[in-house]
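In case you want the letters, here they are:
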Amino acid sequence: MNDIALWGPTGSGKTSMLYAFGARMVEYENDPELMQNNYFSYQIYESGTRLLDFKSPRHVEATSEPSIINWDFVRRARQNEPKFRISSHYHRITMVDDRGLATVNMLSDPEAYRPTLENIAQASSVVILLDYTLLSDTQNNQAAAERSSEQQNDASNQNSSPSPKRTFSKKEYYLMIQQLAGIFKQYVKPRKIAVCFTKVDNLGAGFDQMEPERLIRSYFNTQTRNMLGLLNSLGDQSRTEIRYYCVSTRIRGDEDNWAPLNIEYPYFWILGSLEEEKITAAANKSLFGRLFLNQRLNYYIPYPQPKPR
Ligand SMILES: Nc1nc2c(ncn2[C@@H]2O[C@H](COP(=O)(O)OP(=O)(O)OP(=O)(O)O)[C@@H](O)[C@H]2O)c(=O)[nH]1
Ligand SMILES: [Mg+2]
C-alpha cells in the first residue's frame, strides 16, 4: 500500500498541505517557466474518475473526522522516448489526513485513538509537520501569543467537531516527537519520513531557501532538548529514510490564491522512490531484466528537487 500519513497538531496545516500540493501540480501543468525544464505533466484524479479541481485556500476547513483520501497520481511524459517512458508512472496513493487533536492524543492514549495510531504507524510514508507558530515559548511570536489565549485541551470531544488550536512549549513538542518515535520503533517497517518545517511564509521572504535543519534547530531545539538530533535518530532505524523540507502552502495576506513554496518536494521524493522501487521490482522478475536494471535506472529521470542551498 502506498499510504502517506500526515502527523501534526491542530492547525499545523495538514489539510492545506494536501490541497496546496494539488494546486501546485496544476501550476506545473500551466506555468511556462516550470514547463520549460519539465517534460512531464502531473495529474491527480479522485478514485480513478474525476480530475481534481483544487479549491482556493479559504475553503480548507479544520478536519472534523479522519479522512482517507484516495488519489490516482499520474506522471506522464510529454515526449515518447525510452527515458521518458520509463519515467512515466501511475500511482494509487492513499492520503491519511486525521484531526490534529487525534494525532496528538494518540501519543498519550493509544487505546482511545487506535485507528489514528494504526493509520500512521502502518503508512509507508509519514509527513511530520513542525509548526513553529504553535510554539508558546518562542519570543516575539505574535501568532502563538494570540492562540495561547484560546488554548484548550480537548479530551472529552473525541469524535466530533473540529477542535480548537492549542499551543505547545518546545518541551511538549519534543516529547510528542519522542512518543511518535516510540510508535515507529514499535511498528517496524520500511518507512519514509518527510519532516516539514511549515508556514515559512510567516517568517518573511527568503526563508523558504533556508536549510530546514537550521530552522528546526533554531526554533525547536532548547538547551536540554535536541529536536533535530531526535529527528535524525528516527533515520537510524533500519529501512527508515528521513528528509527535511521547509514549506508553505501560501503567501501571507493573499487569501484567494495559492502560492505554495516547496510543497511538492516531500511528495516528489516519496513518489520518485516508489517509481525506482517499481522499476527495480519489475526488472527483478527476469534474468534479462536484472541484467539491464542499472541501465534502466540510469535512464530514469528523477523528479525536480529543491534548489541546492
Ligand atoms: N501562514 C500560513 N498559514 C497556513 C499555512 N498552512 C496552513 N495555514 C493556515 O493554518 C490554518 C490551519 O490549516 P489546516 O490545513 O486546516 O490545518 P490542519 O493541520 O489540517 O488542522 P486540523 O484539521 O484541525 O488538524 C488555516 O487557517 C490555514 O490557512 C502556511 O503555510 N502558512
Ligand atoms: Mg485538517
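For the structure itself, consult the block above.
Heads up: these notes are all about the structure in this document. (Residues numbered from 1 in each chain as written. Chains lettered and ligands numbered in written order. Predicted model: local features only at pLDDT ≥ 70, side-chain atom pairs only at ≥ 80, totals over all residues.)

**Things to note about unusual backbone geometry**
- Although it is not a glycine, Lys 199 sits at a positive phi angle of roughly 60°.
- Tracing the backbone shows Lys 199 in the loop between strand 7 (191-197) and helix 8 (212-220).
- Classification of Lys 199 as buried rests on a count of 26 C-beta atoms within 10 Å.
- A positive phi angle is found at Arg 239, which is not glycine, with a value near 60°.
- Structurally, Arg 239 is set in the loop between helix 9 (227-234) and strand 8 (240-246).
- Overall, Arg 239 belongs to the exposed group, with 9 C-beta atoms counted inside 10 Å. (Helix = DSSP H or I, 4+ residues; strand = E, 2+ residues; numbered from the N terminus. Buried ≥ 20, exposed ≤ 12 C-beta atoms within 10 Å, placed from the backbone.)

**Overview of the pairing of strand 4 (residues 67-77)**
- Here strand 2 (residues 40-46) pairs with strand 4 via seven bridges, running antiparallel. Bridge pairing links Gln 43 to Val 74 in strand 4.
- Sheet analysis places strand 4 next to strand 5 (residues 89-97), joined by nine bridges and oriented antiparallel. Bridge assignment links Val 74 to a residue of strand 5, and that residue is Tyr 90. (Pairing = 2+ DSSP bridges.)

**Topic: the nonpolar core**
- Ile 128, Leu 130 and Cys 196 are the most contacted members of the largest nonpolar core, which totals 64 residues.
- With seven residues, helix 1 (residues 14-30) is the single largest residue contributor to this core. (Core = buried A, V, L, I, M, F, W, Y, C linked by C-beta atoms within 7 Å.)

**Things to note about the environment of Leu 274**
- Secondary-structure assignment places Leu 274 in helix 10 (residues 264-283).
- Judged by local crowding, Leu 274 falls into the partly exposed class, with 18 C-beta atoms found within 10 Å.
- Sequence separation between Leu 274 and His 89 is 185 residues, and the spatial gap between their C-alpha atoms is 9.6 Å.
- Excluding anything up to four places from it in sequence, Leu 274 contacts Asn 2 and His 91. (Contact = placed C-beta atoms within 7 Å.)

**Thoughts on helix 7 (residues 170-186)**
- The end-to-end C-alpha separation of helix 7 is 24 Å, in line with the 24 Å expected for 17 residues at 1.5 Å each.
- Within the span of helix 7, buried status applies to Tyr 173, Tyr 174, Ile 177 and Leu 180. Take helix 7 and look down its axis: the buried residues cluster within an arc of 120°, on one side only. Across from the buried face of helix 7, at angles greater than 90 degrees, the exposed residues are Lys 171, Gly 182, Lys 185 and Gln 186.
- Residues of helix 7 that are buried sit in contact with strand 1 (3-7), helix 4 (100-108), helix 8 and helix 9. (Expected span 1.5 Å × (residues − 1). Arc of directions from axis to C-beta.)

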